[in-house]
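Coordinate analysis (summary)
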Amino acid sequence: MKRKVKWDNLYLIIMFVILYTPIFYLIYYSFNSGGTMHHFQGFTLEWYKEVFQDTRLLIIVLNTFVIALLASAISTILGVMGALAIYYVKKRRMKNLLLTLNNVLIVSPDVIIGASFLILFTIIGIQLGFTSVLLSHIAFSVPIVVLMVLPKLQEMSPTLIDAARDLGANQWNVLTKVILPFITPGIFAGFFMALTYSLDDFAVTFFVTGNGFSTLSVEIYSRARQGISLSINALSTLLFLFTVLLVVGYYFISQRSSRLYGMGGRK
Amino acid sequence: MSKDVIIRFEHVTKQYDGLVVLDDVSFEIERGKFYTLLGPSGCGKTTILRLIAGFIEPTKGTIYFNGKNINHVPANKRQVNTVFQDYALFPHLNVFENVAFGLRVKKMKYADIQEKVAEALRFVNLEGYEHREIREMSGGQRQRVAIARAIVNEPEVLLLDEPLSALDLKLRTEMQYELRELQRRLGITFIFVTHDQEEALAMSDQIFVLHKGKIQQSGTPKDIYDEPVNRFVADFIGESNILPGTMIADFLVEFAGKRFECVDQGFYPNEPVEVVIRPEDLEITTRDQGKLQVRVDSQLFRGVHYELCCYDQHGNEWLVHSTKKAEVGEEIGLYFEPEAIHVMRVSEAQEVSDGEGSDET
């Protein structure tokens, strides 16, 4: 008895292998004591030690996280407000216009966004550095948050708002006691999306980092250009692991909230 | 005036983008009664409910609540609570917090909230369910939570927007009894919206039949069933045989080529009218004993009765509900009492239709 080959499964496996091979190749050689990426000589953690001893690098890691957390937190607040504003717009055409404007920002190339921010910051005289990077990260994260929150709002039955008002709630009560709790999963999703976008953004950041300030992706890029050092591999591996952790964390949060909010949506 | 009026609509019109959904409607709602707004979808019944709840404002006219104009009072400032069609329970809160929502908004003390919520849940037979999540509740239980959440605020008027439509038949009948019982115990005004005429007849003190944004008829269930004022009401409430006829004189009407004794009066001589006879008022007899002779065209067994579709020699269709069986193709006689004949003016809305005079105009 031969088992039938399932072509669709095979295709899936091949695709994943192609996508993940470079990453695992990179991870594999981060443990190479030989110092090159083509001949594995022996196992070592030397490159990881080097990463953790490099204070400049650690500061950059810290910068990256501060930027990412601040940017995603602020853009989550702005994005939720934006989504609410779009939700409350009555006219259909106006609503679509706002949504389109939002989506254009997401699909437009990072290079253009980065370049235009560079021009903007030079014109209004903002020093390139922490502030400029933070501002631009907030700017490209807000549309993502809007996009994650809006479907949740639209999923909410409008009678929930009627019901709250009927029970004596004023506008503020309606927002804090009904709408925000309902869209919490969307807010979390938006926050995590913004966080990952901010953490691994290269193109926009590359334009607006001045002298003396850098984020991880920009730093890795400039080090990779200087020549091969396996500490970059080690650093990338750590970043990759962290991203996986984020994804797993997000998975569990969304699992939990989908159990909690499995009903009450519009039929 | 002995009537204790709580809500009064005066020439209320509501338009959406120029589309008239409620057309110059005036009526009064008395305290402590069970009212039903009955009509097909799109007749304006839910609009009336939303006007009373305060979700929308009338385009024209005035709504009075306890004698005060409430046109511009927002929903959260009205002594009215609503049970929604989809229940609109808050999915992120458990049963207790759902019921407590209105009290929390009013910043009531926690001990009082606990007491009131427990009492409201007792009223709807949901004791001990406080800490359940909404998603763990069945449709019927969610319905009860929605009712408890509304009555815990001690409204003067409870609005119910087709609350039973999502339940299965058995549960729906059960809830009809419970709602009626609840209304008696609470002693507050219920305004119930439905498109189900049986529901309306079973539960209400007063029914408003609505069609095309106008009140077609208002009255007790018996009034409306026995004396429909026009074709729409006769057709919508229960099944009926509606035939063109002529009012020869008081107590004498002609239809289907014959003259019959009836109990209606006050029409012009020879006025063209419409005659309604309910299918269950028709009795099957032998051909000779019947007042009318018809041929059985088809027969359906409906459980409680047989439903016969017959035609007379003029081609009029007669629907008959009878516990007796007949043979298809057989010629039978139909017998009915003079009281079974209801005479209506042709295409009339609301106004007096017979000599007895109705108590609302």
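Residues numbered from 1 in each chain as written. Chains lettered and ligands numbered in written order. Predicted model: local features only at pLDDT ≥ 70, side-chain atom pairs only at ≥ 80, totals over all residues. Heavy atoms only, no water.

**Brief notes about the side chain of A:Ser108**
Residues and elements named next belong to chain A. As for its placement among the helices and strands, Ser108 is situated in the loop between α4 (92-107) and α5 (110-124). With relative accessibility at 19%, the residue Ser108 sits in the buried group. In this structure the side chain of Ser108 is engaged in a polar contact, spanning 3.3 Å, whose partner is the backbone oxygen of Leu105. (Helix = DSSP H or I, 4+ residues; strand = E, 2+ residues; numbered from the N terminus. Buried < 20%, exposed > 50% of the residue type's maximum accessible area, 1.4 Å probe, protein only. Polar contact = N/O pair within 3.5 Å; in protein donor to acceptor, adjacent residues only side chain to side chain.)

**Topic: the sheet that holds strand β1 (residues 5-16) of chain B**
Residues and elements named next belong to chain B. The sheet built from four strands is open, its strands ordered β2-β1-β4-β5 with antiparallel pairing. The strands lining the two open edges of the sheet, one partner per strand, are β2 (19-30) and β5 (68-69). Across eight bridges, the pairing between β1 and β2 is antiparallel. Along β2, the bridge assignment pairs Phe9 with Phe27. Contacts between helix α1 (residues 45-53) and the sheet are confined to β1, β2 and β4 (60-65), with β1 contributing the most and set at about 115° to the helix. (Pairing = 2+ DSSP bridges. Contact = heavy atoms within 4.5 Å. Axes fitted to C-alpha atoms, helices over the stretch in contact; angles between N-to-C directions.)

**A word on the UniProt feature "transmembrane region" (unreviewed entry) in chain A**
Residues and elements named next belong to chain A. Under the UniProt annotation, "transmembrane region" (unreviewed entry) lies at residues 12-31, 57-89, 101-128, 134-153, 174-196 and 234-253. When the span residues 101-128 is considered, its composition is 79% helix and 0% strand, and the gap between its end C-alpha atoms is 27 Å. This span, residues 134-153, is 100% helix and 0% strand, and a straight line between its end C-alpha atoms measures 28 Å. (UniProt positions renumbered as here; feature names shortened; annotations may be inferred.)

**Regarding helix α10 (residues 216-226) of chain A**
Of all the positions in α10(A), only A:Leu216, A:Ser217, A:Val218, A:Glu219, A:Ile220 and A:Arg223 are classed as buried. One or two steps after α10(A), the chain reaches A:Gly227, where phi turns positive at roughly 145°.

**Considerations on the environment of B:Lys325**
Residue and element names in this part refer to chain B. With respect to the helices and strands, the residue Lys325 is situated in the loop between β18 (317-322) and β19 (331-335). Judged by relative accessible area, which is 56%, Lys325 ranks as exposed. Considering only alpha carbons, one finds Lys325 and Ile284, 41 residues apart in sequence, at a separation of 8.8 Å. Contact partners of Lys325, with chain neighbours within four places excluded, come to Gln299 and Tyr306.

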